[in-house]
Amino acid sequence: MSAHHPDDLTLLEYSAGSLGLAQALAVSVHLGYCLQCQSQLRKLNALGGVLLSETRPASVGANDDQIPERSDVQNESLDKGFEQLMARIGSDEPSAEAPTDTSVSKRYHNPLERYLPASLDELDWQQQTREIAKYDLTNVVDMGSARITLQRIKAGAKVPVHTHRGNELTVVLKGGFSDELGVYHAGDYIARDPSHHHSPTALQNEDCICLTVLDAPMRFTGPLMRWLNPLLAWKA
């Protein structure tokens, strides 16, 4: 069972179909592992009409001076609707139809399978260092400007400390890793932004393979690795 998940707003946007394609890919992969988020998504899909049916713009008077900005009214209404929806979902009893075992639900297939020519262990990995390799899916998946790659870190190996110029989403596919903020295993969904500095280290028992989605290049912050930053800049 996954221990790290997308937040409620991300799942709500995924349910509504308004999440960016690259982000939706990461959430879809996580769902293949996570019974908790599968159950949450079923509730969101079932109750998705609540925001439309139970929230209405506030009535306004005829005097223009008394009419608030439309965007303010909508924002207040949506905020209240979101709070009501989350409260209702949180108060629901677990569905009798929800799977109770720890196996991956057959209803949620890993969308990466359609893009990979072989199993994770048999891919034509491109070595970046002696201990780190990647398999680039950016041109295959083609989801706008996002960089989509698989990363493989040898058991026990460490990625140099870095931050990000934008957002990074990671889903662990196999093995696990730790960093300054936690320990992560297969199925875990991790979101990072420019405020985070970390140095992921693969767990000792097996190689770690992750899906990573970047909307901007990473930036090494360690004194020995900063020379790599110009090489990581994305070409327009």
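Computed from a predicted model, the values in this text were never measured in an experiment.

(A) Representation of the sheet that holds strand 5 (residues 168-174) within the structure. Reading across the sheet, the six strands line up as 1-2-3-10-5-8 and stay open at both edges, with antiparallel pairing between neighbours. Both outer strands of the open sheet, strand 1 (126-127) and strand 8 (189-192), are each paired with one neighbouring strand and no more. Here strand 1 runs beside strand 2 (residues 132-136); their pairing, made up of two bridges, is antiparallel. Looking across to strand 2, one finds that Q126 is bridged to K134.

(B) View of the pattern of salt bridges. Applying the stated rule across the entire model yields two salt bridges. Among the ionic pairs, D121 bridges to K174, the shortest N-O distance being 2.9 Å. Taken together, the residues D121 in the loop between helix 5 (70-91) and strand 1 and K174 in strand 5 connect sequence positions 53 residues apart. Judged by relative accessible area, D121 falls into the exposed class, the value being 53%. Taking the shortest distance from any N to any O, the salt bridge between D179 and R192 comes out at 3.1 Å. Here D179, found in strand 6 (residues 176-179), pairs with R192, found in strand 8; they are 13 residues apart in sequence, far enough to count as distant. Each member of the pair, D179 together with R192, is buried.

(C) Molecular detail of the sheet that holds strand 6. With antiparallel pairing, the three strands of this open sheet are ordered in space as 7-6-9. Either end of the sheet is taken by a strand with one partner, and the two such strands are strand 7 (182-185) and strand 9 (201-202). Sheet analysis places strand 6 next to strand 7, joined by four bridges and oriented antiparallel. Counted as the bridge partner of S178 is V183 from strand 7.

(D) Looking closely at the packing of helix 1 (residues 8-16) against helix 2 (residues 21-31). Where helix 1 meets helix 2, the axes come as close as 11 Å, and the angle between the chain directions of the two elements is 100 degrees. Compared by their axis directions, helix 1 and helix 2 come out roughly perpendicular. Along its contact with helix 1, which presents T10, L11 and Y14, the element helix 2 presents A24, V27, S28 and L31. When grouped by side-chain class, the residues that make up the contact of helix 1 with helix 2 number five nonpolar, two polar and no charged.

(E) Quick look at the pairing of strand 6. The turn joining strand 6 and strand 7, which pair antiparallel and follow one another in sequence, is formed by two residues. Taken together, the two bridges between strand 6 and strand 9 define a ladder with antiparallel strand orientation. By the bridge assignment, F177 is partnered in strand 9 with A202.

(F) Quick look at the environment of N167. Here N167 is to be found in the loop between strand 4 (162-164) and strand 5. Distance from N167 to H196, taken between C-alpha atoms, is 9.8 Å for residues 29 residues apart in sequence. Setting aside anything within four residues of it in sequence, one finds N167 in contact with R192, D193, P194, V213, L214 and D215.

Rules and cut-offs
- Residues numbered from 1 in each chain as written.
- Predicted model: local features only at pLDDT ≥ 70, side-chain atom pairs only at ≥ 80, totals over all residues.
- Heavy atoms only, no water.
- Pairing = 2+ DSSP bridges.
- Helix = DSSP H or I, 4+ residues; strand = E, 2+ residues; numbered from the N terminus.
- Salt bridge = Lys/Arg side-chain N within 4 Å of Asp/Glu carboxyl O.
- Buried < 20%, exposed > 50% of the residue type's maximum accessible area, 1.4 Å probe, protein only.
- Axes fitted to C-alpha atoms, helices over the stretch in contact; angles between N-to-C directions.
- Parallel < 35°, antiparallel > 145°, perpendicular 65-115°, else oblique.
- Contact = heavy atoms within 4.5 Å.
- Nonpolar A, V, L, I, M, F, W, Y, C, P; charged D, E, K, R; others polar.

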